[in-house]
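Take a look at the letters that make up each chain.
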Amino acid sequence: MPASQGLVATAETTTLTSSHVVCPFCGSARTALQEIDLGSWMVECLDCHSTGPVKTSAVAAEQSWNCRLPYLRPLG
Ligand SMILES: [Zn+2]
């Protein structure tokens, strides 16, 4: 096994360890990390389609999703 395998995140990473939590809005575990544009990542709930903040890395998007609280969503 190459020494670098599993240690370095690269741009070609397509399979990530799922570390984001359930949807804070509907409680669904069906959430997906998506690269919506080049270098723009977000987590989306596949049930209610809520989305987390768009970040420049998959890890940052997951962390932001995990820290999101439902009552921080703007009204209207
Ligand atoms: Zn949801």
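S.K.: Can you lay out the pairing of strand S1 (residues 31-37) for me, pointing to particular residues and giving the numbers?
M.R.: One face of the sheet, then the other: side chains in a regular strand alternate in exactly this way. Across six bridges, the pairing between S1 and strand S2 (residues 40-45) is antiparallel. Paired with Gln 34 across the bridge in S2 is Met 42. Linking two consecutive strands that pair antiparallel, namely S1 and S2, is a turn of two residues; a positive phi of about 75° is found at Gly 39 within it.

S.K.: I'd love a proper account of helix H1 (residues 58-67), names of residues and values included.
M.R.: The complete set of buried residues in H1 reads Ala 61, Glu 62 and Trp 65. Take H1 and look down its axis: the buried residues cluster within an arc of 95°, on one side only.

S.K.: Could you give me a rundown of unusual backbone geometry, with the residues and numbers involved?
M.R.: A positive phi angle is found at His 49, which is not glycine, with a value near 65°. With respect to the element layout, His 49 can be found in the loop between S2 and H1. Assessed through the 10 C-beta atoms surrounding it within 10 Å, His 49 is described here as exposed.

The rules we used
- Residues numbered from 1 in each chain as written.
- Predicted model: local features only at pLDDT ≥ 70, side-chain atom pairs only at ≥ 80, totals over all residues.
- Pairing = 2+ DSSP bridges.
- Helix = DSSP H or I, 4+ residues; strand = E, 2+ residues; numbered from the N terminus.
- Buried ≥ 20, exposed ≤ 12 C-beta atoms within 10 Å, placed from the backbone.
- Arc of directions from axis to C-beta.

Honestly, it's all geometry; don't read function into it.
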